[in-house]
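So the chains spell out like this:
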Protein chains: 2
Amino acid sequence: MQQILIAGQWRDANSNNSFQASNPATREPLANEYPVSTWEDCDAALTAAAEAAVGLRSISGGQIAEFLETYATEIEDNADAIVDMAHAETAYPKPTRLAGVELPRTTDQLRQAANAARTGNWSVPTIDTNAGIRSQYGAIGPVAVFGPNNFPLAFGSISGGDFASAIAAGNPVIAKANSSHPGTTELFARCAHQAAQSTGMPAGMVQLIYRTSHPDGERLVADARIGATGYTGSRHAGLQLKAAADAAGKPIYLELSSVNPIVILPQAMEQQHEEIATEFTGSCLMGTGQFCTNPGLVVVLKSDATDSFIAALSEQFAEAPVGTLLSSGVESSLESNLEILVDAGAEIVVGNTPADSDRYCYANTLLKITAQQFIADPETMQTEAFGNSSLLVVTESMDEVNAVIACFEGNLTGCIYSATDGSDDAAYDQIAANLQSKVGRMLNDKMPTGVAVSAAMNHGGPFPATGHPGFTAVGIPGSLLRFAMLQCYDNVRHDRLPASLRDENLNGELWRCVDGNWTRKNIN
Amino acid sequence: MQQILIAGQWRDANSNNSFQASNPATREPLANEYPVSTWEDCDAALTAAAEAAVGLRSISGGQIAEFLETYATEIEDNADAIVDMAHAETAYPKPTRLAGVELPRTTDQLRQAANAARTGNWSVPTIDTNAGIRSQYGAIGPVAVFGPNNFPLAFGSISGGDFASAIAAGNPVIAKANSSHPGTTELFARCAHQAAQSTGMPAGMVQLIYRTSHPDGERLVADARIGATGYTGSRHAGLQLKAAADAAGKPIYLELSSVNPIVILPQAMEQQHEEIATEFTGSCLMGTGQFCTNPGLVVVLKSDATDSFIAALSEQFAEAPVGTLLSSGVESSLESNLEILVDAGAEIVVGNTPADSDRYCYANTLLKITAQQFIADPETMQTEAFGNSSLLVVTESMDEVNAVIACFEGNLTGCIYSATDGSDDAAYDQIAANLQSKVGRMLNDKMPTGVAVSAAMNHGGPFPATGHPGFTAVGIPGSLLRFAMLQCYDNVRHDRLPASLRDENLNGELWRCVDGNWTRKNIN
């Protein structure tokens with residue numbers, strides 16, 4: 001039985017149950033057994049994290065940066081083992097996905113977070129010299145991170161975006177592994193623990209448990225010792241955690257589900273349907289469709305070009321290799337959610353059949369409905385069939401397009417393809433603001449699956465895509481603000497202020513808003 | 001029966017019930033009758049607000065600024081009527097409080113909000129030129145505002161900080177009057193409506209209802225057409241609204257309760273107990289103690305100086321005029337909450353008796369407990385007795401002080417008085433970080449009742465003082481972020497970007513973070 005990491009020690013869990021991950025490419029269980037922790041483990045982690053939060057008060061942003069950078073190097077030193085384990089647990093291809101893309105993204109995020117911690121350029125120092133009031137964002141306290149199944153490295157509980165931003169904001173993290181890849185999470189925890197020790201971090205700064213009961217998970221996010229929670233995963237489980245955290249007044253940041261609508265305007269369809277079809281197939285089937293920003297809903301207008309577009313997609317979906325899905329749960333959810341759509345009247349364009357029986361997978365699937373079908377039951381028609389599938393909504397007019405958009409739930413992204421010659425501009429103007437009010441990121445002429453780690457990124461959006469439309473889960477420094485509280489100093493004596501709020505600029509690199517103007521200068 | 005303001009029209013409410021405000025100085029009901037709206041009114045207001053939100057998309061920040069400034073002038077033109085009505089409904093003194101302080105604060109806030117709307121310097125425009133990604137905060141949609149009883153002007157539902165910041169962020173407001181001062185709210189609504197008409201705002205941008213049933217209030221904040229809610233008031237009613245909004249995934253910003261602890265360190269007590277006693281009495285009894293930041297809990301260390309301090313307070317509280325309370329509800333809550341404290345073992349230093357019977361009031365009251373009593377039942381001992389009262393916690397040591405602080409709930413403010421000669425510095429260092437983690441604003445040597453409208457202000461704090469520790473209800477532009485969603489533009493064509501995110505700086509005054517650096521320059 002694998003050990004958990006609590007208060008700086010690898011130790012046996014308090015558990016009365018265990019689980020194994022499985023190899024999606026073989027449906028066979030993997031060797032290691034992982035404990036399901038009882039509340040005792042959660043309680044011990046919370047106590048250690050609360051102590052670490054106190055310890056972190058006297059640790060500078062520069063020291064936290066050193067930890068994050070050491071951790072990134074540690075990951076690179078152990079890249080082969082991590083990639084091998086992640087490959088076994090997820091079946092994602094090694095060179096093109098895990099080693100080539102996701103691991104570098106992970107270490108890059110950690111280093112960007114280190115930079116934010118070192119400069120302090122996430123904390124929005126705001127100074128009113130006349131009133132003698134100074135404020136900035138500061139650590140919120142221990143953060144629980146529940147990572148998703150689909151990015152074992154870059155969104156991993158103890159390696160990904162939530163982890164990096166919670167730590168960079170000065171908080172300890174209690175990581176709850178995703179049950180699909182506990183071994184990968186354990187390897188990261190070993191690297192993180194190593195780096196924490198060698199850079200003198202408090203014992204409870206990085207901790208790992210593998211799984212708890214649902215009631216214990218709810219108790220964890222609502223505990224008085226918790227500062228905030230980051231959760232990425234299924235809507236059902238996320239809403240249970242949200243209810244518990246909300247009732248206790250504890251911030252929880254959720255990334256729940258999104259069908260990421262794409263609208264293709266008539267002239268773009270006429271002029272570019274071949275290119276868009278190829279782009280769409282690539283985006284939709286990439287990673288077997290298991291991206292938070294996978295394009296799961298495509299709104300088109302009836303035309304000959306649209307018929308050609310659908311025919312091309314049908315051919316491409318049939319011909320493309322069928323990717324492996326992450327787990328038996330993903331496989332059965334995909335099948336049952338597609339069944340919900342078909343039962344509600346969606347027509348099968350291609351796929352919707354089981355594929356190989358020796359691995360987790362399902363045929364690349366494309367369904368089709370009319371605008372009237374969508375509008376008649378928008379909730380059902382927005383069922384997210386997570387995986388290598390998408391739903392086409394064929395409309396008769398731009399008014400119907402707008403009516404479909406008006407029924408959208410909150411989404412992470414929304415995209416409009418329009419002709420480059422301006423011939424779709426009136427149609428664009430008719431729908432753009434409507435679509436934008438429903439999404440966190442608006443795209444033009446580009447599939448949503450690339451999520452750049454940029455300061456300007458918003459990986460967020462209105463409920464139920466996330467729990468609050470004002471926060472992003474990707475992008476540094478913005479994503480740190482989720483794990484921060486606003487702290488104000490009124491008439492506090494100068495030598496008692498945090499270094500970042502004193503007259504002298506901390507390191508010359510810190511941007512501060514002084515009497516309404518942004519500056520890196522000292523205050524005279 | 002007074003009329004409500006819906007969709008740009010003053011009209012009769014759909015109601016099957018009504019209420020009157022009363023004059024706190026006489027306990028007599030005031031003449032006007034106000035309707036309790038049914039759901040039909042809420043529904044009509046929501047529909048009109050949703051339409052106004054669409055209309056506001058094509059209205060610039062400059063036009064919104066014009067509305068806010070015109071409204072401020074309109075208020076000044078009607079100042080006498082507003083002050084007279086507010087005086088009748090609240091018994092607050094006219095020249096020293098309403099006309100001299102609160103009304104200028106109200107118009108100043110509206111003008112600061114106008115400035116934020118005009119420059120755009122609240123929306124944090126963030127541009128990544130390499131990635132082609134640009135983002136900023138934008139309007140969240142219709143905002144419901146539930147104002148408190150204690151600031152009829154500066155926190156009024158249709159005149160105060162929530163209103164100003166929601167409007168400046170580009171949102172329509174549905175104001176729910178506080179039942180203590182519906183007439184004042186109506187006068188503001190008339191000014192706001194006038195200003196909205198003369199500056200060409202959408203019909204449903206400012207709307208007013210007076211009261212609803214509790215279930216309709218919960219339905220309102222959870223409605224699909226709502227963007228967010230601002231609530232200031234009692235903890236019980238606020239938590240009911242929070243549960244409803246949370247379940248629907250709708251942001252709600254609450255200001256619920258706060259005892260605003262003050263710690264007086266030993267040498268400060270020794271050297272300055274007379275001055276601090278005078279300051280404290282002034283702060284605690286100002287506005288009959290009906291401030292959100294009223295100092296309701298004072299932690300001191302046992303000493304002769306402390307005995308003198310308490311004796312001085314006792315004398316001052318006994319001698320000070322007994323102010324009038326806002327309503328019979330405030331009067332009875334104050335009495336019953338003091339009873340809870342006394343029943344739990346608090347000793348009466350002074351007061352705790354009814355005062356004049358011809359107006360709402362209760363004797364200036366000071367209670368006293370030991371640290372051990374506090375620690376034994378911290379929840380009860382933090383009962384907020386809103387009004388002209390405070391609770392002294394007499395400790396034996398700095399360790400006891402720290403143990404008391406460790407039991408604190410979230411508060412808006414926390415203050416430490418320490419000697420100016422440095423002799424309290426070690427004691428300060430022992431407790432400061434502990435106290436700060438529990439409060440939104442940390443003060444030194446100053447009572448918390450002044451809440452400057454400063455960009456650096458935080459009028460917020462951890463639950464249960466508010467619903468989220470990352471937001472402030474006072475201070476511009478920060479308070480606007482509560483009523484905003486993050487909007488990102490990825491590869492969106494340049495002429496389709498909002499003006500504030502295009503290469504040319506909108507007005508030369510807009511600060512933008514371009515590739516990590518803050519600048520007012522154009523992008524080349």
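Residues numbered from 1 in each chain as written. Chains lettered and ligands numbered in written order. Predicted model: local features only at pLDDT ≥ 70, side-chain atom pairs only at ≥ 80, totals over all residues. Heavy atoms only, no water.

Things to note about the overall build of chain A
As a reminder of what qualifies: Labels follow the DSSP assignment, with helices taken as runs of H or I lasting at least four residues and strands as runs of E lasting at least two, numbered in each case from the N terminus. Atoms counted for the radius of gyration: C-alpha only. Globule rule: 2.2 Å times residue count to the power 0.38. Only heavy atoms matter for contacts: two residues are in contact if any of them lie within 4.5 Å across the pair. What sets the accessible areas is the Shrake-Rupley method with a 1.4 Å probe; for residues, cover comes only from the shown protein chains. His is not counted here, nor are the chain ends, while Lys and Arg score as positive and Asp and Glu score as negative. Charge positions come from single atoms, namely NZ of Lys, CZ of Arg, CG of Asp or CD of Glu.
Of regular secondary structure, chain A possesses 15 helices and 23 strands. Computed over its C-alpha atoms, the radius of gyration of chain A comes to 24 Å, within 12% of the 24 Å expected for a compact globule of 524 residues. Each principal axis of the C-alpha distribution contributes one length, and for chain A these read about 70 × 60 × 40 Å. Contacts in chain A between residues far apart in sequence, at least 24 positions, make up 74% of those at least 6 positions apart. Of the roughly 17,500 Å² of accessible surface on chain A, a fraction of 48% belongs to carbon and sulfur atoms. Counting 30 positive and 58 negative side-chain charges, chain A places the centres of these two groups 11 Å from one another.

Observations concerning helix H8 (residues 235-247) of chain B
We count it as follows: Here the expected span of a helix is defined as 1.5 Å times the quantity of residues minus one.
Look at H8 of chain B: 18 Å from first C-alpha to last across 13 residues, which is about the 18 Å you get at 1.5 Å a residue. Looking at the buried residues of H8 of chain B, the elements they touch are helix H8 (235-247) of chain A together with strand E9 (143-146), helix H7 (214-222), strand E13 (228-232) and strand E14 (252-255) of chain B. Count one or two residues on from H8 of chain B and you reach Gly 249 of chain B, which has phi positive near 70 degrees.

Topic: the sheet that holds strand E21 (residues 484-490) of chain A
We count it as follows: Criterion used throughout: strands pair if DSSP finds at least two bridges between them. Comment: axis = line fitted to C-alpha atoms, over the contacting stretch for helices; angle = value between 0 and 180 degrees taken between N-to-C directions.
On the basis of which strands lie adjacent, the open sheet formed by 12 strands has the order E23(A)-E22(A)-E7(A)-E8(A)-E21(A)-E21(B)-E20(B)-E15(B)-E16(B)-E19(B)-E18(B)-E17(B) and mixed pairing. The two strands at the open ends of the sheet, each matched to only one other strand, are strand E23 (517-519) of chain A together with strand E17 (347-350) of chain B. Sheet twist, expressed as the mean angle between neighbouring strand axes with direction ignored, is 25 degrees. Pairing geometry for strand E18 (residues 365-370) of chain B and strand E19 (residues 389-395) of chain B, over 6 bridges, is parallel. The partner of Thr 370 of chain B across the bridge, within E19 of chain B, is Val 394 of chain B. Here helix H15 (residues 425-436) of chain B sits on the sheet and contacts E21 of chain A together with strand E15 (262-264), strand E20 (411-417) and strand E21 (439-444) of chain B; the angle it forms with E21 of chain B, its principal contact strand, is near 150 degrees.

Looking at the interface of chain B and chain A
Counted only if it meets this: Reported buried area values correspond to the accessible surface (1.4 Å probe) lost by two parts on association, with both partners' losses combined. Between Lys or Arg on one side and Asp or Glu on the other, a salt bridge is scored when a side-chain nitrogen of the former is within 4 Å of a carboxyl oxygen of the latter. Residue polarity follows a fixed list, in which Ala, Val, Leu, Ile, Met, Phe, Trp, Tyr, Cys and Pro are nonpolar, Asp, Glu, Lys and Arg are charged, and the others, Gly among them, are polar.
Each partner contributes residues to the interface: chain B has 64 residues there, and chain A has 63 residues. Between chain B and chain A the total buried area reaches about 5,200 Å² when both faces are included, carbon and sulfur atoms providing 50% of it. Taken together, chain B and chain A are joined by 8 salt bridges. In this structure, Arg 493 of chain A engages Asp 445 of chain B in a salt bridge whose closest nitrogen and oxygen atoms are separated by 3.1 Å. Listing elements by their share of the side of chain B that touches chain A, those giving two or more residues are strand E7 (126-128), strand E8 (133-139), H8, H15, E21, strand E22 (484-490) and strand E24 (517-519) of chain B. Examining the composition of the side of chain B that touches chain A, we find that 7 residues originate from one element, E22 of chain B, more than from any other. Of the residues contributing to the side of chain B that touches chain A, the split by class is 30 nonpolar, 21 polar and 13 charged. Across 3 bridges, the pairing between strand E20 (residues 439-444) of chain A and E22 of chain B is parallel. Paired with Leu 443 of chain A across the strands is Asp 490 of chain B, a residue of E22 of chain B.

A word on the packing of helix H2 (residues 61-77) of chain B against helix H5 (residues 161-168) of chain B
Residue and element names in this part refer to chain B. Under the convention used in this document: Working rule for angles: under 35 degrees goes down as roughly parallel, over 145 as roughly antiparallel, 65 to 115 as roughly perpendicular, anything else as oblique.
Packing of H2 against H5 brings their axes to within 10 Å, and their N-to-C directions diverge by 155 degrees. Relative to H5, H2 is oriented roughly antiparallel. Touching Ile 64, Phe 67, Leu 68 and Tyr 71 of H2 are Phe 163, Ile 167 and Ala 168, all from H5. Class assignment for the residues of the contact of H2 with H5 results in 7 nonpolar, no polar and no charged.

Quick notes on the pattern of salt bridges
A side chain with one charge may pair with a side chain of the opposite charge, provided their charged atoms come close. Within this structure, the stated rule accounts for 40 salt bridges over all chains. In this structure, Arg 496 of chain B and Asp 425 of chain A form a salt bridge, with 3.1 Å as the shortest nitrogen-oxygen distance. Of this pair, Arg 496 of chain B sits in the loop between E22 and strand E23 (512-514) while Asp 425 of chain A sits in helix H15 (residues 425-436), placing the two residues on different chains. Here the salt bridges do not stand alone but share partners, grouping Asp 43, Asp 223 and Arg 225 of chain A into one network.

Points about the sheet that holds strand E6 (residues 34-37) of chain B
All names here are of chain B. Sheet architecture is open: 3 strands sit in the order E3-E6-E12, paired in mixed fashion. Single-partner strands in this sheet number two, and they are strand E3 (15-19) and strand E12 (211-212). As paired elements, E3 and E6 share 3 bridges and run antiparallel to each other. For Ser 18, the partnering residue across the bridge sits in E6 and is Pro 35.

So, the side chain of Thr 324 of chain A
All names here are of chain A. The condition that has to hold: Polar contact is defined as a pair of N or O atoms within 3.5 Å, subject to the rule that within protein one atom must be able to donate a hydrogen and the other to accept it, and that residues adjacent in sequence are counted only when both atoms are side-chain atoms.
Considering the arrangement of structural elements, one finds Thr 324 in the loop between helix H10 (304-319) and helix H11 (328-343). Looking at Thr 324, its side chain comes within polar contact range of the side chain of Arg 359, at 2.7 Å. When near neighbours in sequence (up to four residues on either side) are disregarded, Thr 324 contacts Pro 24, Ala 25, Ala 91, Thr 288, Gln 290, Arg 359, Tyr 360 and Cys 361.

Quick look at the environment of Ser 258 of chain B
Residues and elements named next belong to chain B. Structurally, Ser 258 can be placed in the loop between E14 and E15. When the C-alpha positions of Ser 258 and Thr 293 are compared, they lie 6.9 Å apart, and in sequence the two are 35 residues distant. If sequence neighbours within four positions are ignored, Ser 258 has contacts with Cys 292, Glu 384, Asn 411, Leu 412 and Thr 413. A polar contact of 2.9 Å, which involves the side chain of Ser 258, links it to the side chain of Asn 260. At 2.9 Å, the side chain of Ser 258 and the backbone nitrogen of Leu 412 are in polar contact.

Focus on the relation of the copies chain B and chain A
Put simply, the test is: Copy-to-copy superposition: least squares on the C-alpha atoms, limited to residues that have pLDDT of at least 70 in both copies.
Superposing chain B onto chain A requires a rotation of 180 degrees together with a translation of 0.0 Å along the rotation axis, leaving an RMSD of 0.0 Å. Both copies of the chain, as the preceding transformation shows, are related through a two-fold rotation axis. With an isologous cut-off of 70% or more, the 98% of interface residues of chain B that recur at the interface of chain A puts this contact in the isologous class.

What to know about the nonpolar core
For the record, the criterion: Joining through side-chain atoms within 4.5 Å is the link that ties buried Ala, Val, Leu, Ile, Met, Phe, Trp, Tyr and Cys residues into a set, and such a set is a nonpolar core. Whether a residue is buried, partly exposed or exposed follows from its accessible area with a 1.4 Å probe, protein chains only, as a fraction of its type maximum: under 20%, in between, or over 50%, in that order.
Phe 67, Tyr 71 and Val 206 of chain A together with Phe 67, Tyr 71 and Val 206 of chain B are the most contacted members of the largest nonpolar core, which totals 255 residues. Once residues lying within four places of it in the same chain are set aside, the contact partners of Val 206 of chain A are Leu 5, Phe 67, Ile 158, Phe 163, Ile 167, Val 173, Ala 192, His 193 and Ala 196 of chain A.

What to know about unusual backbone geometry
The peptide bond linking Ile 476 of chain A to Pro 477 of chain A adopts the cis configuration, its omega dihedral lying at 15 degrees. Among the secondary structure elements, Pro 477 of chain A is positioned in the loop between E20 and E21. The phi dihedral of Asp 445 of chain B is positive, around 55 degrees, even though this residue is not glycine. Along the chain, Asp 445 of chain B turns up in the loop between E21 and E22. Among the residues examined, Asp 445 of chain B registers a relative accessible area of 24% and is labelled partly exposed. The phi angle at Asp 515 of chain B is positive, at roughly 50 degrees, despite the residue not being glycine. Structurally, Asp 515 of chain B can be placed in the loop between E23 and E24.

A word on the side chain of Lys 242 of chain B
Along the polypeptide, Lys 242 of chain B turns up in helix H8. With relative accessibility at 6%, the residue Lys 242 of chain B sits in the buried group. A distance of 2.7 Å separates the side chain of Lys 242 of chain B from the side chain of Asp 246 of chain B, its partner in a polar contact. The contacts of Lys 242 of chain B, once residues within four sequence positions are left out, are Asp 246 and Gly 249 of chain A together with Ile 252, Leu 254 and Phe 463 of chain B.

As for the packing of aromatic side chains
Basically, it comes down to this: Paired rings are identified among Phe, Tyr and Trp, the last through its six-membered ring, by centres lying within 6.5 Å, and are further divided according to the angle between planes into stacked (under 30 degrees), edge-to-face (over 60) and tilted (the rest). Any Lys NZ or Arg CZ found within 6 Å of a ring centre and within 35 degrees of that ring's normal is scored as a charge over the ring.
Applying the stated criterion across every chain, the model contains 24 aromatic pairs over all chains. On the basis of an interplanar angle of 35 degrees and a centroid distance of 5.8 Å, the ring pair of Phe 19 of chain B and Tyr 34 of chain B is categorised as tilted. Taken together, the residues Phe 19 of chain B in strand E3 and Tyr 34 of chain B in strand E6 connect sequence positions 15 residues apart. Plain terms: the ring middles of Phe 374 of chain B and Phe 408 of chain B are 6.0 Å apart, the flat faces sit at 85 degrees to each other, and that makes the pair edge-to-face. Note that Phe 374 of chain B is positioned in helix H12 (residues 371-376) and Phe 408 of chain B in the loop between helix H14 (398-406) and E20, a separation of 34 residues in sequence. Per residue, the accessibility class of Phe 374 of chain B equals that of Phe 408 of chain B, and both read buried. In this structure an aromatic cluster arises from ring pairing among Tyr 253, Phe 471 and Phe 483 of chain A together with Tyr 253, Phe 471 and Phe 483 of chain B. Positioned above the aromatic ring of Trp 10 of chain A is the side chain of Arg 190 of chain A, whose terminal nitrogen or guanidinium carbon lies 4.0 Å from the ring centre. Its end group placed over the ring of Tyr 428 of chain A, Arg 496 of chain B keeps NZ or CZ at 3.5 Å from the ring centre.

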